[in-house]
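# Fold and geometry: a report
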Amino acid sequence: MDVQSVSELDPAKRRALFERDAGLEEIRDDVAEIVHRVRNEGDVALREYCRKFDDVEVGNFDITDDAERAYESIDDDVREAIETAADNIREFHQRQVPEDWSYETEGRELGRRFYPLDSAGVYAPGGTAAYPSSALMGIVPAKAAGVEHVVAVTPPADQINPVTLAAIHAGGADAVYQIGGAQAISAMAYGTESIDSVDVIVGPGNRWVTAAKAEVRGDVKIDMLAGPSEVLALADDSADSERLAAETIAQAEHDPHAAVVAVTDDPELADAVLEEIEDQVSEREREDIIREALDNEASGVFVARSMSEAALFADQFAPEHIYIEAEDEDALLDRIENYGSAFLGAHSPVAAGDYASGTNHVLPTDAQARIASGLSVDTFVRSATVQRLSEDGLSELRGTITTLADREGLEAHAHSVDVRFEDD
């Protein structure tokens, strides 16, 4: 990694930065086969994939009781941390629950009503790192929205992380299954002999999970197609290089494909950040993963000619997380619209949102923040419109409706209005 100038980036580098993708195409066919087999063969296919991909012989997929036991057995301080995080996430998401509304105008009563989905499936990742926080981020908002039946899945193992299981239980999942990967997504989408099908599937995972979500989308609702973690740190000359370096490294430790960026208008700060990154990386336990992420084409430290150019760069990058440390963070954020979640000021590390501040950490990546939002109560809710027209209200609209219906060649539509006035 080295310091680069924003104004001198060549087209290839700009594409690497601004046109990131999750690398799904190369595995799409393999994932489609997994989804198809699970849909048609059910538990038989699931058990085969557990042996093949997880090297685990699974007897009973249902581990709901195991999750409850894990909650009771973990250390008190860990249980307290889980409960504190769950409470904060619950409070933030309960504020998002929409209320029915209506209004009256010219003989028309119009409104909108909201209904929670009946069931939801939450993917809690395993693998190189376990993510109990992701379990909370999916289950708690679903429950806040009023979803009646929430299913959680997590990859099987000889010893599934007890903290992940405890978080699943604390979040309020109604059923827990040990199954992972694309096969878990297919099982939740279509159901098997052992696993309930659901209306919506949420939660982060590797690219096999993401590709499977793309495959089942349409048959079931999904939250988003999320790729590796991302952060963009935006800073002026008032910022601290040690904190900026720590922010980039924190997201880099997620995945070798993570995109981590720092951008400033101060060349000296850029150099200092680069030096701090090198000093801190060697002290981190996941050093190898971090170094791979730092070497990605979509990672780097950049110098802009002004903070206006830096803000424009950030907006084009459309990061999953944006961390802003400057004399006026609000003024900078006002210039930026494309981001999943913003962290403002020296005491707002991205890790706060990752775990316990209350906001959701399941966020759009790969520049999808331009068009998509993060996981929220909205993900678990559908709406319907309601209307009641008085005779005067319909009379007022009669000519408008029948004229448009006639122009569309839908005579019966016009008649359905006219018939209500035949006795006049």
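Residues numbered from 1 in each chain as written. Predicted model: local features only at pLDDT ≥ 70, side-chain atom pairs only at ≥ 80, totals over all residues. Heavy atoms only, no water.

## Re the packing of helix H1 (residues 11-18) against helix H13 (residues 307-317)
Two numbers describe how H1 lies on H13: the axes approach to 9 Å, and their chain directions differ by 60°. As far as their axial angle goes, H13 and H1 are oblique. Contacts from Arg14, Leu17 and Phe18 of H1 reach H13 at Phe313, Gln316 and Phe317. Tallied by class, the residues present in the contact of H1 with H13 amount to four nonpolar, one polar and one charged. (Axes fitted to C-alpha atoms, helices over the stretch in contact; angles between N-to-C directions. Helix = DSSP H or I, 4+ residues; strand = E, 2+ residues; numbered from the N terminus. Parallel < 35°, antiparallel > 145°, perpendicular 65-115°, else oblique. Contact = heavy atoms within 4.5 Å. Nonpolar A, V, L, I, M, F, W, Y, C, P; charged D, E, K, R; others polar.)

## What about the packing of helix H11 (residues 267-281) against helix H12 (residues 287-294)?
Two elements in contact, H11 and H12, have axes whose closest approach is 10 Å; the angle formed by their N-to-C orientations is 155°. When the interaxial angle is binned, H11 and H12 end up roughly antiparallel. Judged by residue contacts, Ile277, Glu278 and Val281 of H11 engage Glu287, Ile290, Arg291 and Leu294 from H12.

## Section: H1
Restricting attention to buried positions, one finds in H1 the residues Lys13, Ala16, Leu17 and Phe18. In this structure, the buried residues of H1 make contact with strand S1 (3-5), strand S10 (259-264), strand S11 (300-303) and H13. (Buried < 20%, exposed > 50% of the residue type's maximum accessible area, 1.4 Å probe, protein only.)

## Some remarks on the packing of aromatic side chains
Summed over the entire model, instances satisfying the criterion amount to five aromatic pairs. Relative to Tyr103, the ring of Trp101 lies with its centre 6.4 Å away and its plane at 15°, an arrangement referred to as stacked. Residue class for Trp101 comes out partly exposed when judged on its relative accessible area of 44%. An aromatic cluster of three or more residues is present, and its members are Phe18, Phe302, Phe313 and Phe317. (Phe/Tyr/Trp six-rings, centres within 6.5 Å; stacked < 30°, edge-to-face > 60°.)

## Quick look at the sheet that holds strand S3 (residues 108-116)
Read across the sheet, three strands follow the order S2-S3-S14 without closing on themselves; strand pairing throughout is antiparallel. Two strands lie at the open edges of the sheet, namely strand S2 (101-105) and strand S14 (381-389), each paired on one side alone. Mean inter-strand twist for the sheet, computed between neighbouring axes without regard to direction, equals 15°. (Pairing = 2+ DSSP bridges.)

## Remarks on the UniProt feature "binding site: substrate" (unreviewed entry) in the protein chain
The positions that UniProt labels "binding site: substrate" (unreviewed entry) are, in the present scheme, Ser229, Gln251, His254, His321, Asp354, Glu408 and His413. The annotated residues occupy 185 residues of the chain and do not converge on a single region, their most distant C-alpha atoms lying 57.0 Å apart. Along the chain, Ser229 turns up in the loop between strand S8 (221-222) and strand S9 (230-235). According to the relative accessible area criterion, Ser229 is buried, its value standing at 11%. For Ser229, the contacting residues outside a window of four places in its chain are Gln251, His254, Ala258, Ala259, Glu320 and His321. A polar contact is formed between the side chain of Ser229 and the side chain of Gln251, at a distance of 2.6 Å. Considering the arrangement of structural elements, one finds Asp354 in helix H15 (residues 350-355). Residue class for Asp354 comes out buried when judged on its relative accessible area of 10%. Once residues lying within four places of it in the same chain are set aside, the contact partners of Asp354 are Ser133, Met137, Gln251, His254, His321 and His361. (UniProt positions renumbered as here; feature names shortened; annotations may be inferred. Polar contact = N/O pair within 3.5 Å; in protein donor to acceptor, adjacent residues only side chain to side chain.)

## What about the pairing of strand S6 (residues 175-178)?
Residues Ala175 and Tyr177 of S6 are buried on one face, and the alternating residues Val176 and Gln178, pointing to the opposite face, are buried as well. By the bridge criterion, four bridges tie strand S5 (residues 149-154) to S6 in an arrangement that is parallel. Pairing of Ala152 across the sheet is with Val176, part of S6. For the crossover from S5 across helix H7 (residues 162-171) to S6, the handedness is right-handed. (Right-handed = clockwise from strand over helix to strand, strands pointing away.)

## With respect to the UniProt feature "binding site: Zn(2+)" (unreviewed entry) in the protein chain
Mapped onto this structure's residue numbering, the UniProt feature "binding site: Zn(2+)" (unreviewed entry) falls at Gln251, His254, Asp354 and His413. Considering the C-alpha atoms alone, the annotated residues occupy 163 residues of sequence and remain spread out, their largest mutual distance being 57.0 Å. For His254, the location among the structural elements is in the loop between helix H10 (241-252) and S10. Look at His254 and you get partly exposed, because its relative accessible area is 26%. Excluding residues that lie within four positions of it along the chain, His254 makes contacts with Tyr131, Ser229, Arg286, Ile289 and Asp354. A polar atom in the side chain of Asp354 sits 3.3 Å from the side chain of Gln251.

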